[in-house]
Amino acid sequence: RKAAELYRQGLSQRIFITNDGEQAGWSKADQRNPRFYELEIRELIANGVDPGAISVLPGEVAGTDHEAMQMAAEIDARPIGSLMIVTSPYHTRRALRTFEKILAGRGVEIGIEHAPVNDRTPRPETWWLRVRGWQTVGGEWMKSIVYWVLY
């Protein structure tokens, strides 16, 4: 929804999506388990994004670094001047650092926005009181350490 909001505000003209290869639960309407990126496309369109403005980057990704590498390949093929990354609130630092390192030297201005905190995202003031908070925030801390070393 955040990406669609930025699009509707005229802050982006194109939205790039990656495919993590994961499937959602059973859809009666589709009579299959749709991939999450397909659901993202539907959500973007339902929130006012022109289908022609949505691009799914080729291949599957296994993490933030793969997403950045796919975006680098896209930029190498079709240069762009700026990129706004939209991610979860707890993922912003690692995502920004990873994209900055991998896209370095390509002349791309990089910004970052996060989706709003909601019922699926631990609240900043109470994340440590719940198992889900430790999984989300603690997991992100561990991943950040690895990414800081690698990137």
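Cut-offs and rules
Residues numbered from 1 in each chain as written. Predicted model: local features only at pLDDT ≥ 70, side-chain atom pairs only at ≥ 80, totals over all residues. Heavy atoms only, no water. Helix = DSSP H or I, 4+ residues; strand = E, 2+ residues; numbered from the N terminus. Rg over C-alpha atoms; globule rule 2.2 N^0.38 Å. Buried < 20%, exposed > 50% of the residue type's maximum accessible area, 1.4 Å probe, protein only. Contact = heavy atoms within 4.5 Å. Areas by Shrake-Rupley, 256 points an atom, 1.4 Å probe, with all protein chains shown as cover. Lys, Arg positive; Asp, Glu negative; His and termini not counted. Charge placed at Lys NZ, Arg CZ, Asp CG, Glu CD. Salt bridge = Lys/Arg side-chain N within 4 Å of Asp/Glu carboxyl O. Polar contact = N/O pair within 3.5 Å; in protein donor to acceptor, adjacent residues only side chain to side chain. Core = buried A, V, L, I, M, F, W, Y, C linked by side-chain atoms within 4.5 Å.

Student: Just to check I follow, could you spell out the overall build of the protein for this structure?
Tutor: On a plain count of helices and strands, the protein comes out with five helices and four strands. If you list the helices and strands of the protein from N to C, you get α-β-α-β-α-β-α-β-α. Computed over the C-alpha atoms, the radius of gyration of the protein is 16 Å, within 12% of the 15 Å expected from 2.2 N^0.38 for a compact globule of 151 residues. With the C-alpha coordinates aligned to their principal axes, the bounding extent of the protein is approximately 45 × 45 × 30 Å. Expressed as a percentage of the 151 residues in the protein, the buried residues total 36%. For the protein, restricting intrachain contacts to residue pairs at least 6 apart in sequence, the fraction spanning at least 24 positions comes to 63%. Total accessible area on the protein stands at roughly 9,600 Å², and carbon and sulfur atoms take up 53% of it. A distance of 4 Å separates the average location of the 19 positive side-chain charges in the protein from that of its 19 negative side-chain charges.

Student: Honestly, the pattern of salt bridges in this entry has me stumped. Any pointers?
Tutor: Side chains carrying opposite charge are able to pair once their charged atoms draw close together. Under the criterion given, the structure shown has seven salt bridges. For Lys2, the salt bridge is made with Glu113, and the minimal N-O distance between the two is 3.7 Å. Of this pair, Lys2 sits in helix H1 (residues 2–8) while Glu113 sits in strand S4 (residues 109–114), and the two are 111 residues apart along the sequence. The closest approach of N and O atoms between Glu38 and Arg32, which form a salt bridge, is 2.8 Å. With a relative accessible area of 32%, Arg32 lands in the partly exposed category. Salt bridges here are not isolated pairs; linked through shared partners, they connect Lys2, Glu5 and Glu113.

Student: So what exactly am I meant to see when it comes to the environment of Glu67 here?
Tutor: Inspection of the secondary structure assignment puts Glu67 in helix H3 (residues 64–77). When its relative accessible area of 23% is taken as the criterion, Glu67 is described as partly exposed. A sequence separation of 50 residues divides Glu67 from Ile17, and the C-alpha atoms of the two residues are 9.0 Å apart. Apart from the residues within four sequence positions on either side, Glu67 is in contact with Thr18, Val61 and Phe99. Side chain to side chain, Glu67 and Thr18 meet in a polar contact 2.8 Å long.

Student: Please explain the nonpolar core as it appears in this structure.
Tutor: One recurring pattern in soluble globular proteins: nonpolar side chains tend to sit buried together. The biggest cluster of nonpolar side chains holds 12 residues, and these are Leu57, Ala68, Met71, Ala72, Ile75, Leu83, Ile85, Phe99, Ile102, Leu103, Val108 and Ile110. Mapped by element, the contributors of at least two residues to this core are H3, strand S3 (82–87) and helix H4 (92–102). Looking at this core, the element that brings in the most residues is H3, giving four residues. Those residues in contact with Ala68 that sit more than four places away from it in its chain are Thr98, Phe99, Ile102 and Leu103. Core analysis: the next-biggest nonpolar cluster, separate from the first, contains nine residues, Ala4, Val49, Ala53 and Ile54 among them.

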